[in-house]
Amino acid sequence: MADRTLIIIKPDGVQRHMMGAIISRFENKGFKLVAAKFMQISESTARKHYAVHEGKPFFEGVVKYLASCPVMVMVWQADGVIEMSRKMMGATFGFDAEPGTIRGDFGCSKGYNLIHGSDSVESAEYEIPLYFSQDELVDYTLADEDWLYGRND
Ligand code: UDP
Ligand code: MG
């Protein structure tokens, strides 16, 4: 099966009306959406989500930020989706993310950075079940898959 990644449009992305603009980038790239949920993340789920950062100075702040307002949680699928989506997101903070990236084009804050994306297969496998059960991950074929994922070799 193709790779999957967990993408969250964070509270500032929702509050700043950026959901459509961000989702468009992934749709236009040709990723397949396999799950989506508009929801408010509980503080306890936010703690699990960022467990890898526990003990770091920004941990409490990022937990509060993620749980502060509704977010759009999604799973996107494509071969290589994790590396591609991380490149599309850009560096962690908008002030040093490259133009052309989501964080580089849409933000300049240090604390708020619009989007979360899994950084490895292991992270995706940990993060996706925090938000979705297996039967919420929809399996289907896009009509243009042969064109989107056609091989050049
Ligand atoms: N973060 C922060 N201050 C820091 C580092 C990170 O507020 O010095 C927040 C920021 O929202 C970031 C999240 O913690 O997206 C997770 O940090 P990570 O290093 O995993 O960055 P990412 O994978 O999101 O680029
Ligand atoms: Mg990270």
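Shown above is the structure to which this text applies.
Every chain is numbered on its own, with residues counted from 1 as its sequence reads. Just so you know, chain letters begin at A and ligand numbers begin at 1, following the order they were written in. The predicted origin of the model limits local features to residues at a pLDDT of at least 70 and limits the giving and counting of side-chain atom pairs to 80 or more, whereas totals for whole chains, interfaces and linings rest on all residues. Working from all heavy atoms in the structure, the side-chain values ignore hydrogens and water.

## Side note on the site of ligand 1
- Taken together, Lys-10, Tyr-50, His-53, Phe-58, Val-62, Tyr-65, Arg-86, Thr-92, Phe-93, Arg-103, Gly-111 and Asn-113 make up the full set of residues adjacent to ligand 1.
- At a separation of 2.8 Å, an oxygen atom of ligand 1 approaches a polar side-chain atom of His-53.
- Residues adjacent in sequence count toward polar contacts only when both atoms are side-chain atoms; beyond that, a polar contact is any pair of N or O atoms within 3.5 Å, and within protein one must be able to donate a hydrogen and the other to accept it. Contact distances for ligand 1 include 2.7 Å between an oxygen atom and a side-chain N or O atom of Thr-92.
- Spatially, ligand 1 is embedded in the largest pocket. Any residue with a heavy atom positioned within 4 Å of a molecule or strand is treated as near that molecule or strand. The distinction between a cavity and a pocket rests on a 1 Å grid over the protein atoms alone: a 1.4 Å probe fits inside a cavity but cannot get out, while a pocket stays open yet meets protein on both sides within 12 Å along at least five of seven lines, and a residue with an atom within 4 Å of a point counts as lining. For this analysis, a molecule is said to be in a pocket or cavity if more than half of its atoms are within 2 Å of the grid points defining it.

## A few points about the pattern of salt bridges
- Each reported salt bridge corresponds to a side-chain nitrogen of Lys or Arg within 4 Å of a carboxyl oxygen of Asp or Glu. In the structure shown here, the tally under the stated rule is six salt bridges.
- Its salt-bridge partner being Glu-83, residue Lys-87 comes within 4.0 Å of it at the nearest N-O pair. Taken as a pair, Lys-87 and Glu-83 lie in helix 5 (residues 81-89) at a separation of four residues, close to a single helical turn. The two residues Lys-87 and Glu-83 agree in class, both being exposed.
- Within this structure, Glu-43, Arg-47 and Glu-60 form a network of salt bridges that share partners. Numbering goes from the N terminus for both helices and strands, where a helix is a DSSP run of H or I of at least four residues and a strand is a run of E of at least two. Each residue's exposure class comes from its accessible area (1.4 Å probe, protein chains only) as a fraction of the maximum for that residue type: buried when under 20%, exposed when over 50%, partly exposed otherwise.

## What about the environment of Ser-68?
- Structurally, Ser-68 can be placed in the loop between helix 4 (59-66) and strand 3 (71-77).
- Between the C-alpha atoms of Ser-68 and Leu-137, which are 69 residues apart in sequence, the distance is 26 Å.
- Whether two residues are in contact is decided by their heavy atoms, any of which lying within 4.5 Å being enough. Leave out the neighbours within four places in its chain, and Ser-68 touches Pro-11 and Gln-40.
- In terms of polar contacts, Ser-68 uses its side chain to reach the backbone carbonyl oxygen of Tyr-65, at 2.7 Å.

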